[in-house]
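Summary of structural features
Here is how the chains run, residue by residue.
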Amino acid sequence: MRFEIMRLDEFDGTPVDSTVVDAASVNRIVQQAAATGQRLWIRPAETTAS
């Protein structure tokens, strides 16, 4: 499964940038964000039918 992770502005909460990662990478990114005080929004990435 893949997730979209958006980094949020610290003042108004608007998305600053986003990336799509696999489930194995989510924990590492959350740990880094927690260590630096970043705000994240994590949601399942949209899938496209092939």
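See above for the structure.
Residues numbered from 1 in each chain as written. Predicted model: local features only at pLDDT ≥ 70, side-chain atom pairs only at ≥ 80, totals over all residues. Heavy atoms only, no water.

**Structural notes on the pattern of salt bridges**
Evaluated as defined, the whole model comprises 2 salt bridges. Its salt-bridge partner being Glu 4, residue Arg 43 comes within 2.8 Å of it at the nearest N-O pair. Highlighted residues: Arg 43 in strand S3 (residues 39-44) and Glu 4 in strand S1 (residues 2-8), separated in sequence by 39 residues. Take Arg 43: its relative accessible area is 32%, and that puts it in the partly exposed class. (Salt bridge = Lys/Arg side-chain N within 4 Å of Asp/Glu carboxyl O. Helix = DSSP H or I, 4+ residues; strand = E, 2+ residues; numbered from the N terminus. Buried < 20%, exposed > 50% of the residue type's maximum accessible area, 1.4 Å probe, protein only.)

**Regarding the environment of Gln 38**
With respect to the secondary-structure elements, Gln 38 resides in the loop between helix H1 (23-36) and S3. The class for Gln 38 is partly exposed, based on a relative accessible area of 41%. Sequence spacing of Gln 38 and Val 26 is 12 residues, and the spatial spacing of their C-alpha atoms is 14 Å. The residues contacting Gln 38, other than those within four sequence positions of it, are Arg 7 and Ala 33. (Contact = heavy atoms within 4.5 Å.)

**Some details on the sheet that holds S1**
Across the sheet, 3 strands lie side by side as S2-S1-S3; this open sheet has antiparallel pairing. The outermost strands of the open sheet, each flanked by one partner alone, are strand S2 (15-22) and S3. The sheet shows a mean angle of 25° between the axes of neighbouring strands, taken without regard to direction. Relative to S2, S1 runs antiparallel, the two being bridged by 7 bridges. (Pairing = 2+ DSSP bridges. Axes fitted to C-alpha atoms, helices over the stretch in contact; angles between N-to-C directions.)

**Structural notes on the packing of aromatic side chains**
Tallied over the full model, the rule gives 0 aromatic pairs. Here the guanidinium or amino end of Arg 43 rests over the ring plane of Trp 41, the centre of that ring lying 5.0 Å away. (Phe/Tyr/Trp six-rings, centres within 6.5 Å; stacked < 30°, edge-to-face > 60°. Lys NZ or Arg CZ within 6 Å of the ring centre and 35° of its normal.)

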